[in-house]
Amino acid sequence: MTPEPVAVHQCGCLVCQASTDPAIVRQHAGINLLLSRLTEPQRRWYVASLSQGPHAPSDRQLARITGLHPETIRRGRAELAAGLPDLAAGRQRQPGGGRPAAEKKIRP
Ligand SMILES: [Zn+2]
């Protein structure tokens, strides 16, 4: 038997619940489809990157869309800001004396 693919998270945002905006529904479905194919670190980095745009949704909103915890999104953002240090599975990064300042770099 082949392993079952990871289920695609169903967006829980109000727009998708009420299907009021097809463009938003499509966008959120696309995000969740992509997330279902990523590894766990890649998922939080991707959602963290979504949280950094000029019109980015809040962590709470992204949590509703993706099913990730807001804390996981914050952690992904910190890792992005640190330049994605090589995180071996099961290894925890030492919480050093202060995190590096987050760059305000907007990626297209
Ligand atoms: Zn949605």
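The structure this text deals with has already been given above.
All values reported here derive from a predicted model rather than from experimental measurement.

**Student:** Is there a simple way to explain the nonpolar core in this structure?
**Tutor:** Listed in full, the seven residues of the largest apolar core are Ile-31, Leu-35, Val-47, Leu-62, Ala-63, Leu-68 and Ile-73. Those elements giving two or more residues to this core turn out to be helix 2 (22-36) and helix 4 (59-66). Beyond its immediate chain neighbours, meaning those up to four positions away, Ile-31 contacts Tyr-46, Leu-50 and Thr-66.

**Student:** How should unusual backbone geometry be read in this particular structure?
**Tutor:** Apart from glycine, the bulk of residues carry a negative phi angle, and the bulk of peptide bonds sit in the trans form. One non-glycine residue, Ser-19, lies in the positive phi region at around 50°. Turning to its location among the elements, Ser-19 is positioned in the loop between helix 1 (14-18) and helix 2. The phi dihedral of Leu-84 is positive, around 50°, even though this residue is not glycine. Tracing the backbone shows Leu-84 in the segment after helix 5 (70-81). Accessibility expressed as a relative area gives 36% for Leu-84, which makes it partly exposed.

**Student:** Would you mind showing me how to read the pattern of salt bridges here?
**Tutor:** Close approach of charged atoms allows side chains with opposite charge to pair. Under the definition given, this model contains five salt bridges. Notably, a salt bridge pairs Arg-75 with Glu-79, separated by 3.5 Å at the nearest N-O pair. Of this pair, Arg-75 and Glu-79 both sit in helix 5, four residues apart, roughly one helical turn. By relative accessible area, which is 39% here, Arg-75 ends up partly exposed. Since its relative accessible area comes to 3%, Glu-79 is described here as buried. Through salt bridges that share partners, Glu-40, Arg-44, Arg-75 and Glu-79 make up one connected network.

**Student:** Hey, could you run me through helix 5 in this one?
**Tutor:** In this model, helix 5 (twelve residues) spans 16 Å end to end at C-alpha, consistent with the 16 Å of a helix rising 1.5 Å per residue. Those residues of helix 5 lying buried are Ile-73, Gly-76, Ala-78 and Glu-79. Looking at the buried residues of helix 5, the elements they touch are helix 3 (40-50) and helix 4. Once helix 5 finishes, Gly-83 follows within two positions and takes phi at roughly 80°, a positive value.

**Student:** Sorry, what's going on with the coordination of the zinc ion here?
**Tutor:** Each angle at a metal carrying four tetrahedral donors should ideally be 109.5 degrees, and each at a metal carrying six octahedral donors should ideally be 90 or 180 degrees. Coordination sphere of the zinc ion, protein contribution only: Cys-11 (SG), Cys-13 (SG), Cys-16 (SG) and His-28 (ND1), at 2.0 to 2.3 Å. Around the zinc ion, the four donor atoms are arranged such that angles at the metal cover 105 to 114°; this shape is classified as tetrahedral. Donor residues for the zinc ion sit on one chain with the sequence pattern C-x1-C-x2-C-x11-H. Here Cys-11 is found in the segment before helix 1, whereas its partner His-28 is found in helix 2, with 17 residues between them in sequence.

Rules used in this analysis
- Residues numbered from 1 in each chain as written.
- Predicted model: local features only at pLDDT ≥ 70, side-chain atom pairs only at ≥ 80, totals over all residues.
- Heavy atoms only, no water.
- Core = buried A, V, L, I, M, F, W, Y, C linked by side-chain atoms within 4.5 Å.
- Buried < 20%, exposed > 50% of the residue type's maximum accessible area, 1.4 Å probe, protein only.
- Helix = DSSP H or I, 4+ residues; strand = E, 2+ residues; numbered from the N terminus.
- Contact = heavy atoms within 4.5 Å.
- Salt bridge = Lys/Arg side-chain N within 4 Å of Asp/Glu carboxyl O.
- Expected span 1.5 Å × (residues − 1).
- Donors = N, O, S within 2.8 Å, 3.2 Å for Na, K, Ca; no water.
- Tetrahedral: all angles 85-135°; square planar, octahedral: opposite > 155°, others 65-115°.

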